[in-house]
Amino acid sequence: MRDRLRTAVDVALGAAVTGWRGARRRAAGLAEAGRASRERLQERVDRETETWRESGREQINEVEERVREETTRVLHGMHLVTREDLEDLSRRITQLQTRLAEIERRVTDPDAGNRE
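Residues numbered from 1 in each chain as written. Predicted model: local features only at pLDDT ≥ 70, side-chain atom pairs only at ≥ 80, totals over all residues. Heavy atoms only, no water.

## Describing the overall build of the protein
Thinking step 1. Along the protein, the regular secondary structure elements total 5 helices and 0 strands.
Thinking step 2. The order of α-helices and β-strands along the protein, N terminus first, is α-α-α-α-α.
Thinking step 3. For the protein, the proportion of its 116 residues judged to be buried stands at 12%.
Thinking step 4. Long-range contacts, defined here as pairs at least 24 residues apart, represent 67% of the contacts in the protein between residues at least 6 apart.
Thinking step 5. Accessible surface, the protein: about 10,200 Å² in total, of which carbon and sulfur atoms supply 53%. (Helix = DSSP H or I, 4+ residues; strand = E, 2+ residues; numbered from the N terminus. Buried < 20%, exposed > 50% of the residue type's maximum accessible area, 1.4 Å probe, protein only. Contact = heavy atoms within 4.5 Å. Areas by Shrake-Rupley, 256 points an atom, 1.4 Å probe, with all protein chains shown as cover.)

Quick look at the structure:
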């Protein structure tokens, strides 16, 4: 289902970019001239559809890239931390808690350091 929807979106965007009028004009010209049999006309429609689909895919990729760039720019401008920054900070806090617990243990039991 997702593939069908993706194909439909690709075709629709490709058709919008290529232009329906030009495609209809070419198909009408072929049909009127009688140069195209039904099979040849179907082949031509298939080729045009694939061209639209490819064009639509390209357009979607460009839109996705622009959205990704703009989202990154906006989030960066908001001074939000990245997941990696947060994970690094969490690791550092855990290390400091461990060190603090060791220091507190030594202060409350001064002989603890001598026994080790």
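## Side note on the pattern of salt bridges
Thinking step 1. Taken as a whole and judged by the stated rule, the model has 8 salt bridges.
Thinking step 2. Arg57 serves as the salt-bridge partner of Glu50, at 3.9 Å between the closest nitrogen and oxygen.
Thinking step 3. Residue Arg57 is classed as partly exposed on the basis of its relative accessible area of 30%.
Thinking step 4. Shared partners join several salt bridges into a network, and the residues in it are Glu102, Arg105 and Arg106. (Salt bridge = Lys/Arg side-chain N within 4 Å of Asp/Glu carboxyl O.)

## Considering a nonpolar patch on the surface
Thinking step 1. A cluster of nonpolar side chains, Val74, Leu75, Met78 and Leu80, forms an exposed patch at the surface whose accessible area comes to about 350 Å².
Thinking step 2. Structurally, the position occupied by Leu75 is in helix H3 (residues 38–77).
Thinking step 3. A residue is classified by how much of its surface remains accessible, and Leu75, at 39% relative accessible area, is partly exposed. (Patch = residues over 30% accessible without salt bridge, like charges linked within 9 Å, V, L, I, M, F, W, Y side chains within 5 Å.)

## Some remarks on unusual backbone geometry
Thinking step 1. The phi angle at His79 is positive, at roughly 60°, despite the residue not being glycine.
Thinking step 2. Relative to the helices and strands, His79 is located in the loop between H3 and helix H4 (83–108).
Thinking step 3. For His79, a relative accessible area of 70% translates into the label exposed.

## Brief notes about the confidence of the model for the protein
Thinking step 1. Mean pLDDT over the protein stands at 80; residues scoring 70 or higher make up 72%.
Thinking step 2. The spread of mean pLDDT over the elements of the protein runs between helix H5 (residues 112–115), the lowest at 59, and H4, the highest at 95. (pLDDT = per-residue confidence, 0-100.)

## Topic: the environment of Ala8
Thinking step 1. Within the fold, Ala8 resides in helix H1 (residues 2–18).
Thinking step 2. Ala8 gets classed as partly exposed once you look at its relative accessible area, which sits at 43%.
Thinking step 3. For the pair Ala8 and Gly56, spaced 48 residues apart in the sequence, the C-alpha separation amounts to 9.3 Å.

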